[in-house]
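Summary of the model geometry
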Amino acid sequence: DAGVIQSPRHEVTEMGQEVTLRCKPISGHNSLFWYRQTMMRGLELLIYFNNNVPIDDSGMPEDRFSAKMPNASFSTLKIQPSEPRDSAVYFCASSLSSGGPMNTEAFFGQGTRLTVV
Amino acid sequence: KQEVTQIPAALSVPEGENLVLNCSFTDSAIYNLQWFRQDPGKGLTSLLLIQSSQREQTSGRLNASLDKSSGRSTLYIAASQPGDSATYLCAVPGGSYIPTFGRGTSLIVHP
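Residues numbered from 1 in each chain as written. Chains lettered and ligands numbered in written order. Predicted model: local features only at pLDDT ≥ 70, side-chain atom pairs only at ≥ 80, totals over all residues. Heavy atoms only, no water.

**Observations concerning the interface of chain A and chain B**
On the chain B side, the residues contacting the 21 residues of chain A number 20 residues. With both sides pooled, the region where chain A packs onto chain B buries about 1700 Å², and carbon together with sulfur makes up 57% of that total. Together, Leu43(A), Met102(A) and Phe108(A) form the three largest contributors to the area buried by chain A at its contact with chain B, with a combined 38%. Summed over the shared surface of chain A and chain B, the number is zero salt bridges. Our count for the contact surface shared by chain A and chain B stands at three residue pairs in polar contact (both at pLDDT 80 or more). At the level of elements, β4 (31-38), β5 (42-50) and β6 (53-56) of chain A are the ones that each hand at least two residues to the side of chain A that touches chain B. A per-element tally of the side of chain A that touches chain B places β5(A) first, with four residues. When its residues are assigned to classes, the side of chain A that touches chain B shows eleven nonpolar, six polar and four charged. (Contact = heavy atoms within 4.5 Å. Buried area = accessible area lost by both parts, 1.4 Å probe. Salt bridge = Lys/Arg side-chain N within 4 Å of Asp/Glu carboxyl O. Polar contact = N/O pair within 3.5 Å; in protein donor to acceptor, adjacent residues only side chain to side chain. Helix = DSSP H or I, 4+ residues; strand = E, 2+ residues; numbered from the N terminus. Nonpolar A, V, L, I, M, F, W, Y, C, P; charged D, E, K, R; others polar.)

**Examining the environment of Met69(A)**
All names here are of chain A. Counting through the fold element by element, Met69 comes out in strand β7 (residues 65-71). Taking the C-alpha atoms as reference, Met69 lies 21 Å from Met102; in sequence the two are 33 residues apart. The contact partners of Met69, leaving out residues within four places of it in the chain, are Pro25, Leu32, Phe49, Asn52, Phe74 and Ser75.

**Considering the pattern of salt bridges**
Using the criterion set out here, one finds ten salt bridges over all chains in the structure. Residue Arg36(A) pairs with Glu44(A) through a salt bridge whose shortest N-O separation is 3.5 Å. A salt bridge links Asp39(B) to Arg37(B), with the nearest nitrogen and oxygen atoms 3.0 Å apart. A residue is classified by how much of its surface remains accessible, and Asp39(B), at 24% relative accessible area, is partly exposed. A relative accessible area of 15% places Arg37(B) in the buried class. Several salt bridges share partner residues, and in doing so they unite Glu62(A), Arg64(A), Glu83(A), Arg85(A) and Asp86(A) into one network. (Buried < 20%, exposed > 50% of the residue type's maximum accessible area, 1.4 Å probe, protein only.)

**Details of empty space enclosed by the protein**
By the definition in use, this model includes one cavity of 30 Å³ or more. What the largest cavity holds in volume is close to 50 Å³. Along its surface, the largest cavity is lined by Tyr35(A), Pro101(A), Met102(A), Thr104(A), Ala106(A), Phe108(A), Gln34(B), Phe36(B), Ala91(B), Pro99(B) and Phe101(B). Sorting the residues of the lining of the largest cavity by element identifies β4 (32-38) and β10 (99-101) of chain B as the ones contributing at least two each. For the lining of the largest cavity, the per-class residue count stands at nine nonpolar, two polar and no charged. (1 Å grid on protein atoms, 1.4 Å probe; cavity = no way out; pocket = protein on both sides within 12 Å on 5 of 7 lines; lining within 4 Å. Points joined across faces, edges and corners; volume = space filled by probe spheres on them.)

**Topic: the side chain of Ser75(A)**
Relative to the assigned elements, Ser75(A) resides in strand β8 (residues 74-79). Ignoring any residue separated from it by four or fewer positions in sequence, one finds Ser75(A) in contact with Leu21(A), Arg22(A), Cys23(A), Leu32(A), Trp34(A), Phe49(A), Lys68(A) and Met69(A).

**As for the state of the cysteines**
According to the stated counting rule, one finds two disulfides over all chains in the structure shown. Across the disulfide, Cys23(A) is cross-linked to Cys92(A) (sulfur-sulfur distance 1.9 Å). Taking the sign of the S-S torsion, about -65° here, the bridge from Cys23(A) to Cys92(A) comes out left-handed. Of the two residues, Cys23(A) is situated in strand β3 (residues 19-24) and Cys92(A) in strand β9 (residues 88-95); the sequence distance between them amounts to 69 residues. Accessibility assignment for this pair places Cys23(A) and Cys92(A) in one class, buried. Paired through a disulfide, Cys23(B) and Cys90(B) show a sulfur-sulfur distance of 2.0 Å. An S-S torsion of about 75° defines the bridge between Cys23(B) and Cys90(B) as right-handed. Taken together, the residues span a long stretch of sequence, with Cys23(B) in strand β3 (residues 19-25) and Cys90(B) in strand β9 (residues 86-93) at a distance of 67 residues. The residues Cys23(B) and Cys90(B) share a single accessibility class, namely buried. (Disulfide = S-S within 2.5 Å.)

In structure tokens form, the structure reads like this:
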């Protein structure tokens, strides 16, 4: 298996532009997680899907952020409009379990490094 | 609010040393704890998951212990190797099942 695949690996955009990050989870996994990692705040869970349904989005920082999972093999995280403080590495992870992000071994993608200028 | 602290923040050791990485958390009402490894430019890799009913877990040269009452966990790495160089993070449930991560210990093992 190719693992969790994220695209793009790097994204540089201007403030105010829309940014879409993409994730393909491991085939057969039924849970998907989006994380953000910054120097200031460390690693934070943004949103968690189970069987394509958002279970908890309490970590989504603002209404500018939205995430979708239209099917079991694809998810997007969208920021509109983007701001410089959104600059971070965004990770997608998937797992077999429905027990939440702390009850299972999750497999992480390599991340998307977003820079908003 | 759950807070997780990892000490030391950075560590540089010669190959072959036995290491102890520390993780402390403020809310001891946790049901498990995970240790992860992060290589530069990569995502996290789960190393060990300890349930609250367990006191320790072992995987190869890695051994993690959990003391809920004192709010502490340690990751012991035996006979360290250059390939162990990475950042090690611990995570505990914060609110509900949402993980709270420590900032990590950056480990360099030099030949």
